[in-house]
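Each chain, written out:
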Amino acid sequence: MAASAMNVNNLFGVKGKVVLVTGGSRGIGLMIAEGFVSNGAKVYISSRSADVCDKVAESLTKVGPGTCISVPADLSKKQGIKHLISEMEKREPEGIDVVINNAGANWAAPFSQYPESGFEKVLNLNLTHIFYLSQGLTPLLEKKATKDDPSRIINIGSIDGIRVSRHETYAYGASKAGLHHMTRGMANFLAPRNILVNAVAPGAFESKMMADTLKKFGSELVKGIPTGRIGIPSDMAAVCIYLSSKASNYVCGAVIVVDGGASFAPKL
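Per an unreviewed UniProt entry, the protein goes by Rhamnolipids biosynthesis 3-oxoacyl-[acyl-carrier-protein] reductase and derives from Zancudomyces culisetae. Note on the protein: under the UniProt heading Sequence similarities (unreviewed entry), the record states "Belongs to the short-chain dehydrogenases/reductases (SDR) family."

Below, the structure is given as structure tokens:
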């Protein structure tokens, strides 16, 4: 093996890669998008709010050295999935390198009152629609995919798909556990087509979805994390960059936990 193949920039570089991050205008999605733009990638971000998506894309592009492009879409609706696929086909006819399925939703309610509408909303956005978006974007991923540099799909799961949450978020945990398993199924089918599929299971990060929980239980949460802190943007960006680079060319069907050890720590 040539020495250049072991060079850190060759192993972990994502400069010039075309990356799509759903739910990329805030929270964990924004952390991921910023990490890729900061390392020279061409990043598309998608979210329901066109104004917010446009502003975030403009802001990230100014920071550079990569670029960020806004493609608003409501992925809770099938029409939104079709729209995003169509836009990516128009904008990147030569293909894309990485799809990061981050858009998601949560719903909390007592067991006896948990609504059917809430369950369906969470399962659709967090699981079912991820499958169909990935399915629709696979032809674009195949265009860039090679044996030496496969294309990637990264599904953003959760440690709530690994252990039971103390909160009554039944659909959320079920959807993330399903996403982890679906990741393995997709990986098995797509790896022979030079598309690697992996998942990341984050713990506590500062995001809009986690804001209320952190406000109410932040200090208690930190006590249950062996590393003694909440996740920061670079923690999330780094693992996604690794899973998109040549450094992870032999990583397939994995669920990488990024939680400071919280999922295995004893309950308080």
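Asks: Explanation requested: the sheet that holds strand E5 (residues 151-156) in the structure shown.
Replies: Across the sheet, 7 strands lie side by side as E3-E2-E1-E4-E5-E6-E7; this open sheet has parallel pairing. Each having just a single partner strand, strand E3 (67-70) and strand E7 (255-258) make up the two edges of the open sheet. Strand-to-strand twist in this sheet, taken as the mean axis angle between neighbours without regard to direction, amounts to 20°. In the packing of helix H3 (residues 50-63) onto the sheet, contacts are made with strand E2 (42-46) and E3, and the angle to E3 comes to roughly 170°.

Asks: What exactly am I supposed to notice about empty space enclosed by the protein here?
Replies: Using a probe with the size of a water molecule, rolled over the atoms, empty space left in the structure can be pinpointed. Within this structure, the stated rule accounts for 1 cavity of 30 Å³ or more. The calculated volume of the largest cavity comes to roughly 40 Å³. In terms of lining residues, the largest cavity is bounded by Thr22, Leu75, Asn101, Ala103, Leu125, His129, Ile130 and Leu133. Looking at the lining of the largest cavity element by element, the count peaks at 4 residues for helix H5 (residues 116-144). For the lining of the largest cavity, the residue count by class is 5 nonpolar, 3 polar and no charged.

Asks: Help me out: how do you make sense of helix H8 (residues 233-244) in this one?
Replies: The periodicity of an α-helix, 3.6 residues per turn, causes residues three or four places apart in sequence to face the same way. For H8, which comprises 12 residues, the first-to-last C-alpha distance of 17 Å matches the rise-based estimate of 16 Å (1.5 Å per residue) to within 8%. Along H8, the residues that are buried comprise Met236, Ala237, Val239, Cys240, Ile241, Leu243 and Ser244. Each element contacted by the buried residues of H8 is listed here: helix H1 (8-12), helix H2 (27-38), strand E4 (98-101), E5, strand E6 (195-202) and E7.

Asks: Just checking my understanding: could you explain a nonpolar patch on the surface for this structure?
Replies: The grouping of Phe111, Phe119 and Tyr170 at the surface amounts to a nonpolar patch, some 320 Å² of accessible area in total. Mapped onto the fold, Tyr170 is located in helix H6 (residues 170-190). Judged by its relative accessible area of 34%, Tyr170 is partly exposed.

Asks: What is the right way to read the packing of H5 against H6 from this model?
Replies: Think of two packed helices as two axes; the pair is described by the angle between the axes and how far apart they sit. Look at H5 against H6: their axes get within 8 Å of each other, and the N-to-C directions meet at 15°. In terms of their interaxial angle, H5 and H6 are classed as roughly parallel. As H5 packs across H6, the resulting crossing turns out to be right-handed. Contacts between H5 and H6 involve Phe119, Val122, Leu123, Asn126, Leu127, Ile130, Phe131, Ser134 and Thr138 from the first element and Tyr170, Ala171, Tyr172, Ser175, Lys176, Gly178, Leu179, Met182, Met186 and Leu190 from the second. By residue class, the composition of the contact of H5 with H6 is 13 nonpolar, 5 polar and 1 charged.

Asks: Can you help me understand H2 in this one?
Replies: When the terminal C-alpha atoms of H2 are compared, their 17 Å separation across 12 residues agrees well with the 16 Å that a helix rising 1.5 Å per residue should span. Burial runs high along H2: 9 of the 12 residues are buried. Within H2 the residues assigned to the buried category are Gly27, Ile28, Gly29, Met31, Ile32, Ala33, Gly35, Phe36 and Val37. Looking at the residues trailing H2, positive phi occurs at Gly40, about 85°.

Asks: Got a minute to help me understand the side chain of Ser158 in this structure?
Replies: Its place among the elements puts Ser158 in the loop between E5 and H6. Apart from residues lying up to four places away in sequence, Ser158 is in contact with Tyr172, Lys176, His180, Val200, Ala201 and Pro202.

Basis of the calculations
Positions within a chain are numbered from 1, following the residues in the order the chain's sequence is written. This being a predicted model, a pLDDT of at least 70 is required before a residue's local features are given, and a value of 80 or more before pairs of side-chain atoms are given or counted; all residues contribute to the totals for chains, interfaces and linings. Heavy atoms throughout the structure, all of them, feed into the side-chain values; hydrogens and water do not. UniProt positions are given in the numbering used here, feature names are shortened, and annotations may be inferred rather than shown by experiment. The criterion for strand pairing is that DSSP finds at least two bridges linking the strands in question. The numbering of helices and of strands both runs from the N terminus, where a helix is a DSSP run of H or I of at least 4 residues and a strand a run of E of at least 2. Axis lines are fitted through C-alpha atoms, for helices just across the contact stretch, and the angle between N-to-C directions can take any value from 0 to 180 degrees. Here a residue-residue contact requires only that any non-hydrogen atoms of the pair lie within 4.5 Å. Lining residues are those with an atom within 4 Å of a point, where the points come from a 1 Å grid over the protein atoms alone and group into cavities, where a 1.4 Å probe fits but cannot get out, or pockets, open sets with protein on both sides within 12 Å along at least five of seven lines. Grid points are joined across faces, edges and corners, and a volume is the space filled by probe spheres set on the points. Nonpolar residues are Ala, Val, Leu, Ile, Met, Phe, Trp, Tyr, Cys and Pro. Charged residues are Asp, Glu, Lys and Arg, and all others, Gly as well, are polar. Expected helix span is given by 1.5 Å per residue-to-residue step, counting one fewer step than there are residues. Each residue's exposure class comes from its accessible area (1.4 Å probe, protein chains only) as a fraction of the maximum for that residue type: buried when under 20%, exposed when over 50%, partly exposed otherwise. For patches, a residue must show more than 30% relative accessible area and have no salt bridge; joins then use 9 Å for like charges and 5 Å for nonpolar side chains, namely Val, Leu, Ile, Met, Phe, Trp and Tyr. Computed by Shrake-Rupley with a 1.4 Å probe, the accessible areas treat only the displayed protein chains as cover when residues are assessed. Here, a salt bridge means any side-chain nitrogen of Lys or Arg that lies within 4 Å of a carboxyl oxygen of Asp or Glu. By definition in this entry, angles of less than 35 degrees are roughly parallel, angles greater than 145 are roughly antiparallel, angles of 65 to 115 are roughly perpendicular, and the rest are oblique. In this scheme the crossing of two helices becomes right-handed for a clockwise turn of the near helix relative to the far one and left-handed for an anticlockwise turn of less than a right angle.

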